[in-house]
Amino acid sequence: QEDAARFQAWKACLGILGIPFLDVVRVLAAVLLLGNVQFVDGQGLEVEVVGETELNAVASLLGVPPAQLFRGLTTRTHNARGQLIKSVCDANMSNMTRDCLAKALYCRTVATIVRRANSLKRLGSTLGTLSSDSNESVHNQAEVASQHASTIGGNAGSKSMAALNNAVRHATDGFIGILDMFGFEEPRPAQLEHLCINLCAETMQHFYNTHIFKSSVESCREEGIICDTEVDYVDNVPCIDLISSLRTGLLSMLDAECSVRGTAESYVAKIKVQHRNSARLEQRALEPYDPRLFAIRHFAGRVEYDTTDFLDTNRDVVPDDLVSVFYKHTCNFGFATHLFGTELKALYAQDSGPRGLSFRIAPTSHTDLLNGDEPVSTLTQDFHTRLDNLLRTLVHARPHFVRCIRSNTSEKGGMFDRGAVVRQIRALQVLETVNLMASGFPHRMRFKQFTARYRMLAPFRLLRRCEEKALEDCKVILDFALENPPELDGSVTLSWAPGKRHIFLSEGIRQHLERLRTEVRMKSATLIQATWRGWNLRKRLGTIRRTHDIQLMSGAMHSMNNKTSGTRTSNVTHANANNTGTATRPRPQPIAGTPPPDPNEKCDSKIIAQTCTLFGLDLERPPPVPPSRSYTVTGNSKLGYPQTRIMKMNFPEDPGAVGLGEQLRKGEAVTVTGASHRRGHLIVEHNGISLHVPFQYMELVKTIVGPGAAPGAPTATQTAGAGVSAPPAPPTATAVNI
């Protein structure tokens, strides 16, 4: 039931984003079925497919012909000195292309959903709908090309984390975000994705150490505060430099190896020679020996990496032969065409088709595409860029950290592995953080900011309330806050120290100040509300008393009327009516349970009847919907039907697909006889056939009326290529049924 509820919620969210639910399901089903497709070497040059039924189902789900999908997976186009050569792939290469297609479909679907969700928060954004009925994408957002700028320096450790230690010039917009960080990965053997994840974990741990430990200690030293707490934490910079330095890092050397089309063995040999003096890269031979393996000592433990698939994973490409399958002329699934929209636009910019290009599996903006054999960036370069952007955001944020500890490595419930928990606590510097929070000064605030937040804790008359006396105000506030100190447990202290520009607080005194501030604000709010409610009640007391008296009198009269006879009741009612007409009856206040007012007291039926008679309205039937206009407005004049228009493009694009034998070609003059009942269409008469054509496909013929010509007289028309010179006509507005 919980899964069903979450499924319905996810379906509703896709509807809010304007993404058809069935389109996403079709793509996911195709990804799953691709796993059942296998290519094997056949008798001849071409490969054979195992699971032809699944391949046909994938082609049907993606809206492409099965034969064309098979050719896209098993053939490659090569550009040899300007000559395009097509070759047949072997089984291994075809299986790799199949995996690339599955990755691209899933990655681009998720990216589309995320990009669509992010567009909701932009002010003034208009969301269209991604529909499978049209091959054209209605979601064309401008993507800014992200250039690769490595965060990691090359030589000194102080330069390697410049993005963390130096403030970025441009701050980000205000927001509240939740960052779900990568967990530390140590599978056996580890792949390139795990190396990127562990790099992110190393970088985030370094940011944590810098934000919690290093900045606190350095701030105390700069402002002359003596802090007895010494925190010893692990320095992550050597490991970060080993992996991601600009020229000699493992990821940069991997990019270089991809550019020269090297091998996994040569890559491992080069990094061991380059980093032979590194303490984080193990130099001893691994057992059993494998020239494609190497090991790194991370802050959380030792991890072995297998570089067999490093180069192919880093290239992260999909051939243009496979991308061209989803072109709108051959694919009738608009959502699939939208997923590869940028690549298709670059591929068919000159109506050339596949020419030996390679595109990224991940979505790429149009400006990032390169007209060559390789894409602009690699997987590791994109990861660098995203990590840099994340660091720039965190530098200007005020982060709060939540440490998550796994109870066991087997992912079982109700199982506590003491050794695994202790290793995580030591690796994440949890004990050092607790010691700093308990006995150090982890919090600092400027004097003015401190007084603005906690000034309600001291008497108003004792505060100077000027910038020159801000430090004295801070001392007064803290003295009054510590008059009744709380009971402390363990090593928690209520220490504080004034610096040159900041006042430094321990975790104990900060929590005590926040507790007192909450109590004072609650008492003040209660007093303000009580005072206002008392004043408001006293103000309405006279009205309430009069209303109460009237209600008592009405009840007494009602009981008296029930006891008297019919004649007596009639006389008493007549007397009450006379008295009511002369006395001023106060309007009672609305109370709970009061019946709704009588509509006859507010509305007069005679006035309603007179109004309907005056304007010709009928109470029983609403006025009819006005018919559509039978003319077109151009400039300040009206043009009736029929009209002569010029086709701006062919309609329909594929006459055979829609069952029409006729096609209106671009530049052809057609006769419009009126507005269609279809939304946004006009009726066109062509060879005795009435066609409903969208008005965007045609443009109105510009006319030149000679001087003194009567209405309806022959006119000289100017069309494209007619060779008649005339001033441009004013813009036209087409009247259609909308």
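Just so we're clear, the structure is a prediction, and the values are computed from it rather than from any experiment.

### Details of the overall build of the protein chain
Looking only at helices and strands, one finds 26 helices and 21 strands in the protein chain. Counting every position in the protein chain, which comprises 738 residues, the buried fraction comes to 33%. Contacts in the protein chain between residues at least 24 apart in sequence constitute 61% of all its contacts with a sequence separation of at least 6. Entry remark: accessible area of the protein chain is about 46,100 Å², with carbon and sulfur atoms responsible for 54%.

### Notes on the packing of helix α19 (residues 447-454) against helix α21 (residues 507-539)
Here α19 crosses α21 at 40°, and the two axes come no closer than 10 Å. Considered as vectors, α19 and α21 are oriented oblique to each other. Where α19 approaches α21, its residues Phe450, Arg453 and Tyr454 are matched on the opposing element by Leu513, Glu514 and Arg517.

### Considerations on a nonpolar patch on the surface
Taken together, the side chains of Phe7, Trp10 and Val25 present a nonpolar region at the surface, about 240 Å² in accessible area. Structurally, the position occupied by phenylalanine 7 is in helix α1 (residues 2-17). Judged by its relative accessible area of 38%, phenylalanine 7 is partly exposed.

### Some details on the pairing of strand β5 (residues 293-298)
Summarising burial for β5: five of the six residues are buried, a large majority. Connecting β5 to the antiparallel partner strand β6 (residues 301-306) that follows it, the hairpin turn spans two residues.

### Considering the sheet that holds strand β17 (residues 689-694)
Taken in spatial order, the five strands of this open sheet run β17-β16-β15-β14-β18, and their pairing is antiparallel. Both edges of this open sheet fall to β17 and β18 (698-700), since each of them pairs with a single strand only. Direction aside, neighbouring strands of the sheet carry axes that sit 45° apart on average. Bridge count for strand β14 (residues 643-647) against β18 is three bridges, and the pairing is antiparallel. Counted as the bridge partner of methionine 647 is methionine 698 from β18.

### What to know about the packing of aromatic side chains
In total, this model carries 14 aromatic pairs according to the counting rule given. Centroid distance tryptophan 10 to phenylalanine 21: 5.7 Å. Interplanar angle 75°. Geometry classified as edge-to-face. Of the two residues, tryptophan 10 sits in helix α1 while phenylalanine 21 sits in helix α2 (residues 21-34), which places them eleven residues apart along the sequence. Taking the centre distance of 3.8 Å and the plane angle of 10° together, the rings of tyrosine 327 and tyrosine 348 count as stacked. Of the two residues, tyrosine 327 is situated in the loop between α13 (320-323) and α14 (334-339) and tyrosine 348 in the loop between α15 (341-347) and β8 (358-360); the sequence distance between them amounts to 21 residues. Judged by relative accessible area, which is 19%, tyrosine 348 ranks as buried. Ring pairs connect the aromatic residues Tyr267, Phe294, Tyr305 and Phe310, which therefore count as one cluster.

### Examining the UniProt feature "transmembrane region" (unreviewed entry) in the protein chain
Residues annotated in UniProt with the feature "transmembrane region" (unreviewed entry) correspond here to residues 12-35. In the segment residues 12-35, helix accounts for 83% and strand for 0%; the C-alpha atoms at its two ends are 28 Å apart.

### Looking at the pattern of salt bridges
A full pass over the atoms with the stated rule returns 13 salt bridges. In this structure, arginine 98 engages aspartate 99 in a salt bridge whose closest nitrogen and oxygen atoms are separated by 3.0 Å. Taking relative accessible area as the criterion, aspartate 99 reaches 35% and is therefore assigned partly exposed. Salt-bridge contacts for arginine 297 lead to glutamate 282; the nearest nitrogen and oxygen are separated by 3.0 Å. Residue arginine 297 is located in strand β5, and its partner glutamate 282 is located in the loop between α11 (264-274) and β5; the two are separated by 15 residues in the primary sequence. Salt bridges sharing common partners tie together Glu282, Arg297, Arg302 and Glu304.

### So, the packing of α2 against helix α5 (residues 91-119)
Each packed pair of helices is defined by two parameters, the angle between the axes and the distance between the axes. Interaxial distance between α2 and α5 falls to 9 Å at its minimum, and their mutual angle equals 155°. Considered as vectors, α2 and α5 are oriented roughly antiparallel to each other. In this structure, α2 meets α5 at a crossing whose hand is left-handed. Seen from α2, the contacting residues are Val24, Val27, Leu28, Val31 and Leu34; seen from α5, they are Arg98, Leu101, Ala102, Leu105, Tyr106 and Thr109.

### Quick notes on the sheet that holds strand β11 (residues 502-505)
Within a sheet, each strand pairs with its neighbour through backbone hydrogen bonds, oriented either parallel or antiparallel. Strand order in the open sheet formed by three strands is β9-β11-β10, and the pairing between neighbours is antiparallel. This sheet does not close on itself; its edge strands, each paired only once, are β9 (443-446) and β10 (496-498). Between one strand and the next, the sheet's axes are offset by a mean angle of 20°, whatever the strand orientation. With three bridges connecting them, β10 and β11 associate as antiparallel partners. The partner of alanine 497 across the bridge, within β11, is phenylalanine 504. Sheet strands in contact with α19 are β9 and β11, and its direction is about 95° off that of β9.

### Focus: helix α8 (residues 192-222)
In a regular helix each residue adds 1.5 Å, so 31 residues correspond to 45 Å; α8 covers 42 Å between its end C-alpha atoms and thus fits that length. When the local axis directions of α8 are compared, the greatest deviation, roughly 40°, occurs at threonine 210. Most of α8 is tucked away, with 23 of its 31 residues classed as buried. Two residues or fewer after α8 comes glycine 224, characterised by a positive phi angle close to 75°.

### Points about the confidence of the model for the protein chain
Looking at the protein chain, pLDDT values average 75 and 75% of them are 70 or higher. Note on residues 370-374: pLDDT under 50 across the span, and ten contacts to partners over four residues away in sequence or across chains. The low-confidence segment residues 567-584 (pLDDT under 50) makes five contacts with residues lying over four places distant or belonging to another chain.

### With respect to the layout of surface pockets
Counted as a void, the second largest pocket has a volume near 1,700 Å³. The greatest single-element share of the lining of the second largest pocket, amounting to eleven residues, is contributed by α8. Looking at side-chain class alone, the lining of the second largest pocket contains 18 nonpolar, 14 polar and twelve charged residues. Built from parts of two domains, the lining of the second largest pocket gets at least three residues from each of domain 2 (179-316 + 378-440) and domain 3 (441-545).

### With respect to unusual backbone geometry
With an omega of 0°, the peptide bond between tyrosine 641 and proline 642 qualifies as cis. Structurally, proline 642 is set in the loop between β13 (637-640) and β14. The omega angle of the peptide bond from phenylalanine 651 to proline 652 is -15°, so this bond is cis rather than trans. As for its placement among the helices and strands, proline 652 is situated in the loop between β14 and α26 (655-658). Its identity is not glycine, yet arginine 465 carries a phi of approximately 60°, on the positive side. Tracing the chain through its elements places arginine 465 in the loop between α19 and α20 (470-481). The exposure class of arginine 465 is exposed, given its relative accessible area of 52%. One non-glycine residue, asparagine 687, lies in the positive phi region at around 55°. If you trace the backbone, asparagine 687 turns up in the loop between β16 (681-686) and β17.

### Re the nonpolar core
Across soluble globular proteins, nonpolar side chains have a tendency to be buried as a group. Of all hydrophobic cores here, the largest spans 44 residues; its most connected members are Val64, Leu69, Leu101, Leu105, Phe326 and Phe340. Elements represented by at least two residues in this core include exactly α1, α2, α3 (52-62), α4 (66-74), α5, α13, α14 and α15. Beyond its immediate chain neighbours, meaning those up to four positions away, leucine 105 contacts Val27, Val31, Leu34, Leu62, Leu339 and Phe340.

Definitions and limits used
- Residues numbered from 1 in each chain as written.
- Predicted model: local features only at pLDDT ≥ 70, side-chain atom pairs only at ≥ 80, totals over all residues.
- Heavy atoms only, no water.
- Helix = DSSP H or I, 4+ residues; strand = E, 2+ residues; numbered from the N terminus.
- Buried < 20%, exposed > 50% of the residue type's maximum accessible area, 1.4 Å probe, protein only.
- Contact = heavy atoms within 4.5 Å.
- Areas by Shrake-Rupley, 256 points an atom, 1.4 Å probe, with all protein chains shown as cover.
- Axes fitted to C-alpha atoms, helices over the stretch in contact; angles between N-to-C directions.
- Parallel < 35°, antiparallel > 145°, perpendicular 65-115°, else oblique.
- Patch = residues over 30% accessible without salt bridge, like charges linked within 9 Å, V, L, I, M, F, W, Y side chains within 5 Å.
- Salt bridge = Lys/Arg side-chain N within 4 Å of Asp/Glu carboxyl O.
- Pairing = 2+ DSSP bridges.
- Phe/Tyr/Trp six-rings, centres within 6.5 Å; stacked < 30°, edge-to-face > 60°.
- UniProt positions renumbered as here; feature names shortened; annotations may be inferred.
- Left-handed = near helix turned anticlockwise from the far one by under 90°.
- Expected span 1.5 Å × (residues − 1).
- Bend = angle between axes of the 7 residues up to and from the residue.
- pLDDT = per-residue confidence, 0-100.
- 1 Å grid on protein atoms, 1.4 Å probe; cavity = no way out; pocket = protein on both sides within 12 Å on 5 of 7 lines; lining within 4 Å.
- Points joined across faces, edges and corners; volume = space filled by probe spheres on them.
- Nonpolar A, V, L, I, M, F, W, Y, C, P; charged D, E, K, R; others polar.
- Domains from an automatic or database assignment.
- Core = buried A, V, L, I, M, F, W, Y, C linked by side-chain atoms within 4.5 Å.

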